[in-house]
Amino acid sequence: MPENAVIGQFERRLVELGCPAVRARARARELSDHFADLQEAGVEDGLSEKEAEGRAAAQLGEPAKLAEYLVWTMRQSSWWGRHPILGFCVLPLIGFIPAWVLCGWALIAFVWLAGHLLGPAYLVTRETAHALALDPVEFSRYAHPLNLALNGAASALVAVLFCLLARRSASGLKWIATACAVCSIGCAFSHTEIVPGSVAVAWVSKPNWTWATAPCLVAALALARYWQVVRRLPACSGDSGGTGYNAGLSPAAGTTESWGRRFLTTPTYWISTPLLLALLVLGSLAGQRIARGRVELLNVPARLETLRKQAWPAESAAVIARIKSREICVNTNQRTVDLLPWVNVPLDISNTNLAGPADAALLDLPLGAHVFGNTLFDVSGKIQLMGRALLKEHRCYPVLRKGILIHQKCSQIYLLHGASHAVDLETNVAKLVLHYVDGSVREIAIVAGGQLLDSWGPVYTTPAADEQLAPKAPGTELAWVGRPDGLGDKTPWMAARIYQSAFANPQPAVEIASVDYVSTLTSAAPFLLGLTIEE
Amino acid sequence: MRKTNPTFLNGVPELLVLQLLSRREMYGYEIVKAIQTETKQSFTFGEGCIYPCLHYLEEEDLVKSHRKDVNGRSRNYYQITRQGRKRLGDLSTEWSRVTEGIALLVRGEHA
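Calculation rules
Along each chain, numbering runs from 1 in the same order as the chain's sequence is written. Written order determines the labels here, with chains lettered from A and ligands numbered from 1. pLDDT decides what is reported in this predicted model: residues at 70 or higher carry local features, side-chain atom pairs at 80 or more are listed and counted, and totals for whole chains, interfaces and linings draw on all residues regardless. Here a helix means four or more residues in a row that DSSP labels H or I, a strand means two or more in a row labelled E, and each is numbered from the N terminus. We call a residue exposed when 12 or fewer other C-beta atoms sit within 10 Å of its C-beta, buried when the count reaches 20 or more, and partly exposed for counts in between; the C-beta positions come from the backbone. Think of it this way: build a C-beta for each residue from its backbone, and any pair within 7 Å is a contact. Note on pairing: DSSP must find at least two bridges between two strands before they are called paired. Per-residue confidence from the prediction method is given by pLDDT, with values spanning 0 to 100. Simply put, an axis is a line fit to the C-alpha atoms, just over the touching stretch for a helix, and the angle between two N-to-C directions goes from 0 to 180 degrees. By definition here, a helix of n residues has an expected span of 1.5 Å times n minus one. In this usage, the nonpolar core is the set of buried Ala, Val, Leu, Ile, Met, Phe, Trp, Tyr and Cys residues whose C-beta atoms join them within 7 Å. Each angle receives one of four descriptions, namely roughly parallel if under 35 degrees, roughly antiparallel if over 145, roughly perpendicular if within 65 to 115, and oblique otherwise. Definitions for this section: a left-handed crossing has its near helix turned counterclockwise from the far helix by less than a right angle. A right-handed crossing has that turn clockwise. Each residue receives one of three labels: charged for Asp, Glu, Lys and Arg, nonpolar for Ala, Val, Leu, Ile, Met, Phe, Trp, Tyr, Cys and Pro, and polar for the others, Gly being one of them.

J.: Even after reading the chapter, I still don't get the overall build of chain A, so can you show me in this structure?
T.: When its secondary structure is counted, chain A shows 17 helices and 15 strands. Counting over 535 residues, chain A shows a buried share of 34%. Sequence-distant contacts, at least 24 apart, represent 77% of the contacts inside chain A between residues at least 6 apart.

The following block contains the structure:
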């Protein structure tokens, strides 16, 4: 075989097996030198040029076999080459979130650097960020594309990283494709969200296939590059065995070892196989549970029908009757606070910004001084604050209302309040910030599931499923329910729910100067209808 | 090429290559020939064994390579590193211990 053909086939086989093109070139060049030395030795032994070339080719043997052995050695010298299942099937699954965090830090560093290099106009200060966080609409204008860019960059980064590792360890196109496929799955089931004050990075059960495309593109690029390199090299001959390069030394045994034997002799496979099986079992168990839940849900229409027809209407009526019975004030030490200067949503027919039945129902809420849950409140309208869910409805409200004047000592603070979109229980949806005359400040948290539930919900007492029907915090009760006209009788137990919560003043001996009502910008949009203090 | 190298020679090419390179820098063909000559054909480690061994040693930073022009020919020369010398010392000690032990057992030279 002529020298060029031998070296060309050797280089092509190296590339086909996953050796990086540059390294394959260097190896081929080295083999070419060796071939020339063998040829020279043949000529010195008295052979003709042609005979010397033939003997050199025979001594080197099948180039493809030599390439296979070289690549096997390269793989064995790297952890990724020795443990491809763990390296390219398991690790890429968890790669997206660290990559996202890394991209986020890189972006922060870039913004910081740009601000310091380009001047104060480009500098993002704490004040700028704080001002942005207080304007949810403006914030979402920046946060949404930023999140998209970070997700795209993280997906691509994790795929490129594992492709480079597969390439460096000469693991081959098969493992590059596998790593990209696993990266796609990992990215699809990852979720990120940027909101004022927090960044959420998590794995979710609902896939987002948009992020799965970036690793696929990386795999396509790797494939294109591979074809570009292979196309310029001569094709290998079919037979690649039989010359016994290693002359009985054990490393070659690895190249011909059966899969079964390799599995039994490789601890990584013992670890990764049960791990993958466990993932599969967990996935199938979760699937079964969801399916069983669905079946149970489908099998209980009879129970639901009974509840709907008999129990719930009666229970709703009982709840309303109890609320009515509590509309008697027994405490004369209470003083209502006039919230009118801070009201931003009127509760009369002039308000046309009614987004749902809960808002519409509030039109029936008694205005002026009225007793709700044994506490007197002066209702002059609604102080509506912002929640993230309102962004999707293109509704914008302030994040906080500052300086509600109190100027009195008190032992208890009573709120008449609620929150729409309060679906995430056990989360702080709002807070009261108490400013005392001595300059001290205290905060009182308002928790979904603790002091309030979603403003639109059932008012029965027998749950249909695993649902919370009453707030858990002591001192909180359902103070008012209402339904807008024209809603029909299909679900008479669904109503707008307003809660009355009592909070102990953390510093009863010090006069409160003012109170701030602040949204924590979760999904829930909190609102305040009345504020009363007790001496 | 003979296929008579016994299977217990794992690690021997590494030892021989490091030993040769500890004397001076050499290229692949030179190493193959040196092994054949200096072992009086006892071992016949060919190209398919020596080059993977050299590349493995290079990956492990036990040797380093560079291209060099000598007598009008450009070749890839290999040079032992400090880690390579340490590894050679370890391998030599281990080899001496193993061969002495085997010699004692095979020739019946026990106490």
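J.: Just to check I follow, could you spell out the overall build of chain B for this structure?
T.: Along chain B, the regular secondary structure elements total 4 helices and 3 strands. Secondary structure elements of chain B occur, N-terminal to C-terminal, as α-β-α-α-β-β-α. Here chain B, with 111 residues, has 30% of them falling under the buried criterion. Considering only residue pairs separated by 6 or more positions, chain B has 53% of its internal contacts joining residues 24 or more positions apart.

J.: What exactly am I supposed to notice about the pairing of strand E15 (residues 525–534) of chain A here?
T.: Within a regular strand, side chains alternate between the sheet's two faces. All names here are of chain A. Within E15, 9 of the 10 residues are buried, which leaves the element mostly enclosed by the surrounding structure. Of the pairings in the sheet, the one linking strand E3 (residues 334–337) to E15 comprises 4 bridges and is antiparallel in character. Residue pairing across strands places glutamine 334 opposite glutamate 534, the latter belonging to E15. Here strand E6 (residues 383–384) runs beside E15; their pairing, made up of 2 bridges, is antiparallel. Directly across from glutamine 384, in E15, lies its bridge partner phenylalanine 527. As paired strands, strand E8 (residues 412–420) and E15 are joined by 9 bridges and run antiparallel to one another.

J.: What should I look at first to understand the environment of alanine 317 of chain A in this one?
T.: Residue and element names in this part refer to chain A. In this fold, alanine 317 is placed in helix H15 (residues 301–325). Judged by the 14 C-beta atoms lying within 10 Å of it, alanine 317 falls in the partly exposed class. As a C-alpha pair, alanine 317 and tryptophan 493 span 176 residues in sequence and 8.5 Å in three-dimensional space.

J.: Which parts of the structure should I look at to understand the confidence of the model for chain A?
T.: Detailed reading of the predicted model is not advised wherever pLDDT is low. Confidence in the prediction for chain A averages 81 pLDDT; 87% of positions are at 70 or higher. Per-residue pLDDT stays below 50 along residues 238–255 of chain A; that stretch engages in 48 contacts with residues further than four places along the chain or on separate chains.

J.: Can you walk me through the sheet that holds strand E14 (residues 512–519) of chain A in this structure?
T.: Note: strands within a sheet are paired through backbone hydrogen bonds, in either parallel or antiparallel orientation. All names here are of chain A. Across the sheet, 4 strands lie side by side as E7-E14-E9-E10; this open sheet has antiparallel pairing. Each edge of the sheet is formed by a strand with only one pairing partner; in this case those strands are strand E7 (400–408) and strand E10 (441–447). Between one strand axis and the next, the sheet turns through 20° on average, direction left out of account.

J.: Please explain unusual backbone geometry as it appears in this structure.
T.: Comment: phi is negative for the bulk of residues other than glycine, and the bulk of peptide bonds are trans. All names here are of chain A. Here the phi dihedral of alanine 170 falls at roughly 55°; this positive angle occurs in a residue that is not glycine. Tracing the backbone through its elements, the reader meets alanine 170 in the loop between helix H9 (136–168) and helix H10 (173–188). C-beta crowding within 10 Å serves as the criterion here: with 26 such atoms nearby, alanine 170 is assigned to the buried category. The backbone of glutamate 426 sits at a positive phi, close to 65°, despite the residue not being glycine. Along the chain, glutamate 426 turns up in the loop between E8 and strand E9 (428–436). You can call glutamate 426 exposed: it has 10 C-beta atoms within 10 Å.

J.: Would you explain the sheet that holds strand E1 (residues 26–27) of chain B in this entry?
T.: Residues and elements named next belong to chain B. Here we have 3 strands laid out as an open sheet, ordered E1-E3-E2, and antiparallel in their pairing. Every interior strand has two partners, whereas the edge strands, E1 and strand E2 (63–70), have only one. Of the pairings in the sheet, the one linking E1 to strand E3 (residues 73–80) comprises 2 bridges and is antiparallel in character. From the neighbouring strand, tyrosine 27 faces E3, where its bridge partner is tyrosine 77. Packing against the sheet, helix H3 (residues 47–59) makes contact with E2 and E3, and its axis sits at approximately 120° to E2.

J.: Explanation requested: H3 of chain B in the structure shown.
T.: It helps to recall that an α-helix has 3.6 residues per turn; residues three or four apart then point in one direction. All names here are of chain B. Relative to the 18 Å expected for 13 residues at 1.5 Å per residue, H3 spans 18 Å between its end C-alpha atoms, a close match to the ideal helical length. Judged by how many residues are buried, H3 sits mostly within the fold: 11 of 13 residues are covered. Positioned one or two residues after H3, aspartate 61 has a phi angle of 60°, which is positive.

J.: Looking at this structure, I do not really get the environment of serine 519 of chain A. What am I missing?
T.: Residue and element names in this part refer to chain A. As for its position among the elements, serine 519 is in strand E14. Separated by 88 residues in sequence, serine 519 and lysine 431 place their C-alpha atoms 6.6 Å apart. The residues contacting serine 519, other than those within four sequence positions of it, are Leu385, Met386, Gly387, Val399, Leu400, Ala430 and Pro526.

J.: I would appreciate a short explanation of the nonpolar core in the present structure.
T.: Looking at soluble globular proteins, one finds that nonpolar side chains tend to be buried together. With 56 residues, the main nonpolar core has Ile404, Leu416, Ala419, Tyr517 and Leu528 of chain A as its most contacted residues. Each residue touching alanine 419 of chain A, except ones within four places of it in the same chain, is listed here: Val429, Ala448, Leu452, Asp454, Ser455, Ala524, Ala525, Pro526 and Phe527 of chain A. Judged by nonpolar contacts, the second largest core, of 45 residues, contains Ala56 and Leu60 of chain A together with Tyr56 and Val63 of chain B.

J.: I keep staring at the packing of helix H2 (residues 21–44) of chain A against helix H3 (residues 49–60) of chain A and nothing clicks. Help me out?
T.: Working note: a packed helix pair is described by the angle between its axes plus the distance between those axes. Residues and elements named next belong to chain A. Contact pair H2 / H3: the axes reach a minimum separation of 8 Å and the direction vectors enclose 130°. The angle between H2 and H3 falls in the class oblique. By crossing handedness, the relation of H2 to H3 is classed as right-handed. For the pair H2 and H3, contact is made by Phe35, Leu38, Gln39, Gly42 and Val43 and by Glu49, Glu51, Ala52, Glu53, Arg55, Ala56, Gln59 and Leu60, respectively. Residue composition of the contact of H2 with H3, by class: 6 nonpolar, 3 polar and 4 charged.

J.: So what exactly am I meant to see when it comes to the environment of phenylalanine 527 of chain A here?
T.: All names here are of chain A. Relative to the assigned elements, phenylalanine 527 resides in strand E15. Assessed through the 28 C-beta atoms surrounding it within 10 Å, phenylalanine 527 is described here as buried. Taking the C-alpha atoms as reference points, phenylalanine 527 and isoleucine 383, 144 residues apart in sequence, are found 5.4 Å from one another. Other than its neighbours up to four places away in sequence, phenylalanine 527 contacts Lys382, Ile383, Gln384, Leu385, His417, Gly418 and Ala419.

J.: In this structure, what is going on with the pairing of strand E13 (residues 494–504) of chain A? I would like to understand it.
T.: All names here are of chain A. In terms of burial, E13 is largely enclosed, as 8 of its 11 residues are buried. Where E8 lies against E13, 6 bridges are found, and the strand directions are antiparallel. Note on E13: the bridge partner recorded for leucine 415 is serine 501. Of the pairings in the sheet, the one linking strand E11 (residues 456–458) to E13 comprises 3 bridges and is antiparallel in character.

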